[in-house]
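Fold and geometry: a report
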Amino acid sequence: MAGSLNKVMLIGNLGADPEVRTFQNGNKVCNLRVATSDSWKDKNTGERREKTEWHTVAVFSEGLVRVCEQYLKKGSKVFLEGSLQTRKWQDQSGADRYSTEVVLQGFGGTLTMLDGRSSSNEESSGSSNSGPYSSNDIGSSKPTDNSYAETSNDIDDEIPF
């Protein structure tokens, strides 16, 4: 095998408000609890069944942490793209423990709000942009895909060839 891939994509709802902590060096991390659900019809009984998985997400990118702080709350529907990382830590008794979480940092981290912004400032301005945000959009609210260019008013419609 020439290489490897560590990529996680989730669509789910926040089970709690985002928890933002500040490190001693001033950097921030935002922790999210995201629920994803799978539903099916039981072949034997014919009844609807559902299974919910809970995912721990750590957001380290400054711009994405700001988006989480300002616009996300319990119940928000989000699309997240990041990588899996396992941390080793010690509990109170000194035993080694391991936690695996989805991490959004660097250029591979993406966050898309699927049900729009919910802040009072946004409601008064009438804006409803909830496009994808990635780690390279530090402090920016512009989407990372080509849909941003399509919504711009200064598009040149002429084809250059």
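What counts, and at which threshold
- Residues numbered from 1 in each chain as written.
- Predicted model: local features only at pLDDT ≥ 70, side-chain atom pairs only at ≥ 80, totals over all residues.
- Heavy atoms only, no water.
- Core = buried A, V, L, I, M, F, W, Y, C linked by side-chain atoms within 4.5 Å.
- Buried < 20%, exposed > 50% of the residue type's maximum accessible area, 1.4 Å probe, protein only.
- Helix = DSSP H or I, 4+ residues; strand = E, 2+ residues; numbered from the N terminus.
- Contact = heavy atoms within 4.5 Å.
- Disulfide = S-S within 2.5 Å.
- Salt bridge = Lys/Arg side-chain N within 4 Å of Asp/Glu carboxyl O.

Before going further, it helps to spend a moment on the nonpolar core. Membership of the largest hydrophobic core comes to 20 residues, with the highest contact counts inside it found for Leu 32, Val 57, Val 59, Leu 104 and Leu 111. Of all the secondary-structure elements, those providing two or more residues to this core are strand 1 (8-14), strand 3 (28-41), strand 4 (48-59), helix 1 (62-71), strand 5 (77-90), strand 6 (96-104) and strand 7 (110-113). Top element by residues in this core is helix 1. It accounts for five residues. If near-sequence neighbours (up to four positions away) are discounted, Val 59 is found in contact with Lys 28, Val 29, Cys 30, Leu 32, Leu 64, Val 65, Cys 68 and Leu 104.

In the structure shown here, the tally under the stated rule is zero disulfides. Residue Cys 68 stays outside any disulfide, its sulfur separated by 4.0 Å from that of Cys 30, the closest cysteine. A relative accessible area of 0% places Cys 68 in the buried class.

In this section: the pattern of salt bridges. Scanning the model with the defined rule gives nine salt bridges in all. Between Lys 28 and Glu 69 there is a salt bridge, and its shortest N-O distance comes to 3.5 Å. Of this pair, Lys 28 sits in strand 3 while Glu 69 sits in helix 1, and the two are 41 residues apart along the sequence. A salt bridge links Asp 91 to Arg 97, with the shortest nitrogen-to-oxygen separation between them at 4.0 Å. Note on Asp 91: relative accessible area 23%, which makes it partly exposed. Relative accessible area serves as the criterion here: at 41%, Arg 97 is assigned to the partly exposed category.

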